[in-house]
Amino acid sequence: MNTIELMLKFLDHSEGFLTGALDGLTQEEAAWTPTPECNSILFTLWHMTRLEDHWVNTMAQGKDELYDVEGWQKKLGTPPKERGAGYTLEQLQAWPVPKLEALHAYHNATREKTLAFLKGTTNEVLSEVIPQHRGDPEPRSLILGRIFADVLLHVGQITYLRGIQRGINK
């Protein structure tokens, strides 16, 4: 199995977990937080998708993010140019809560672009070292590899938040 095949398998497998975690959730459940200092399922999904959109489209391909190109910022009513990393408590509490269906559609559109990029690239392209806005140049594969750590972390958080609310297998 080559790098691209491994990446595609991972994304497919993790998407199954995410789909299961989101299945049947109400808007209220998706917006719920255990305490005011915690992220909701919606915030976590938005943050995870924003990062994937940025890393795949901007960092790996030098293109604009779908968030801007396809108008997702306006469709969701969420802040422009932000990705939710390093938010203060005030920013988190002021974050405008989008509709679950719209946010899931943004996630799906972003994932579709990620898969199309991976299916249309080669291992040689992934090995190319490209400049970064911050830090030293890196191979595309390393930039894209950040998606996998982020997806593992955040899909686990989403699953956990669902479990707190619904218990096991509900």
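Residues numbered from 1 in each chain as written. Predicted model: local features only at pLDDT ≥ 70, side-chain atom pairs only at ≥ 80, totals over all residues. Heavy atoms only, no water.

Examining the packing of aromatic side chains
Under the defined criterion, the tally for this structure stands at eight aromatic pairs. With 5.6 Å between their ring centres and 50° between their planes, Phe43 and Trp46 make a pair best called tilted. With Phe43 and Trp46 both in helix H3 (residues 41-60) and three residues apart, this pair spans about one turn of that helix. We note that Phe43, like Trp46, is buried. (Phe/Tyr/Trp six-rings, centres within 6.5 Å; stacked < 30°, edge-to-face > 60°. Helix = DSSP H or I, 4+ residues; strand = E, 2+ residues; numbered from the N terminus. Buried < 20%, exposed > 50% of the residue type's maximum accessible area, 1.4 Å probe, protein only.)

Comments concerning helix H1 (residues 3-22)
In this model, H1 (20 residues) spans 28 Å end to end at C-alpha, consistent with the 28 Å of a helix rising 1.5 Å per residue. Taken as a whole, H1 has its buried residues at Ile4, Met7, Leu11, Ser14, Glu15, Leu18, Ala21 and Leu22. Summarising the axial view, the buried residues of H1 lie within an arc of 120°, below the 170-degree limit, and thus occupy one face. Among the exposed residues of H1, those pointing more than 90 degrees away from its buried face are Leu6, Lys9, Asp12 and His13. On its buried face, H1 is in contact with H3, helix H7 (100-119), helix H8 (123-127) and helix H9 (140-166). For H1, the N-terminal cap is Asn2; the gap from its side-chain oxygen to the backbone nitrogen of Ile4 is 3.0 Å. Two residues or fewer past H1, Gly24 is found with a positive phi of approximately 80°. (Expected span 1.5 Å × (residues − 1). Arc of directions from axis to C-beta. Contact = heavy atoms within 4.5 Å. Polar contact = N/O pair within 3.5 Å; in protein donor to acceptor, adjacent residues only side chain to side chain.)

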